[in-house]
Amino acid sequence: KGSNSAPPPPPTTSSDKNNTQDWDQDLINHLSTLPTIQLLSTTPLKHQIKWTSIPNFWTSMTQYGPWKAMRLKRGDDFVDGLYKDFQTKMSGGRGMDD
């Protein structure tokens, strides 16, 4: 580590209720000051994610997504052991088929 490396940003806390909104507004404010940027819209984009199956969802979330941290911390056997209960609960009409 070099002596001129910047410190990491402070962690967010549960009291940071508008953290994302503040970040968005700060970005808009910054972009508005740049002479080569023309801001055309600030409309948030929304989309729906539809999973093709419960196993596909589980693999995506635990191997490549936000639940991978649990897999790394608790191990494959622990996370894989949760799958059967998850599958049973999610198969009750949530738009995912096996």
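Scroll up a little and you will see the structure.
Read on for a plain summary of the structure. (Residues numbered from 1 in each chain as written. Predicted model: local features only at pLDDT ≥ 70, side-chain atom pairs only at ≥ 80, totals over all residues. Heavy atoms only, no water.)

**Quick look at the side chain of S53**
Using the following cut-off: Counting from the N terminus, the helices are DSSP H or I runs at least four residues long and the strands are E runs at least two residues long. Residue exposure (1.4 Å probe, protein chains only): buried if accessible area is under 20% of the type maximum, exposed if over 50%, otherwise partly exposed. Throughout this description, a polar contact denotes any pair of N or O atoms lying within 3.5 Å of each other; where both atoms belong to protein, one of them has to be capable of donating a hydrogen while the other can accept it, and for residues adjacent in sequence the pair is counted only when both atoms sit in side chains.
Mapped onto the secondary structure, S53 falls in the loop between α1 (19-33) and α2 (54-64). The class of S53 is buried, set by a relative accessible area of 13%. A distance of 3.0 Å separates the side chain of S53 from the backbone nitrogen of N56, its partner in a polar contact.

**Looking at the nonpolar core**
Stated formally: Joining through side-chain atoms within 4.5 Å is the link that ties buried Ala, Val, Leu, Ile, Met, Phe, Trp, Tyr and Cys residues into a set, and such a set is a nonpolar core.
Counting 8 residues, the largest nonpolar core consists of I54, F57, W58, M61, V79, Y83, F86 and M90. Counting only elements with at least two residues in this core, the list comes to α2 and α4 (76-90).

**Points about α2**
The complete set of buried residues in α2 reads I54, F57, W58, S60, M61 and T62. Between the side-chain oxygen at the start of α2 and the backbone nitrogen of N56 there is a gap of 3.0 Å, and the oxygen is on S53.

**With respect to α4**
Heads up, the condition is: One less than the number of residues in a helix, times 1.5 Å, gives the span that helix is expected to have. Here the bend at each residue means the angle between axes fitted to two seven-residue stretches, the one ending at that residue and the one beginning there. It only takes one pair of heavy atoms within 4.5 Å for two residues to be counted as in contact.
The first and last C-alpha atoms of α4 sit 21 Å apart over 15 residues, in line with the 21 Å expected at 1.5 Å per residue. Along α4, the sharpest change in direction is near 30 degrees and occurs at K84. Residues of α4 that are buried: V79, Y83, F86, Q87 and M90. Residues of α4 that are buried sit in contact with α2 and α3 (68-74).

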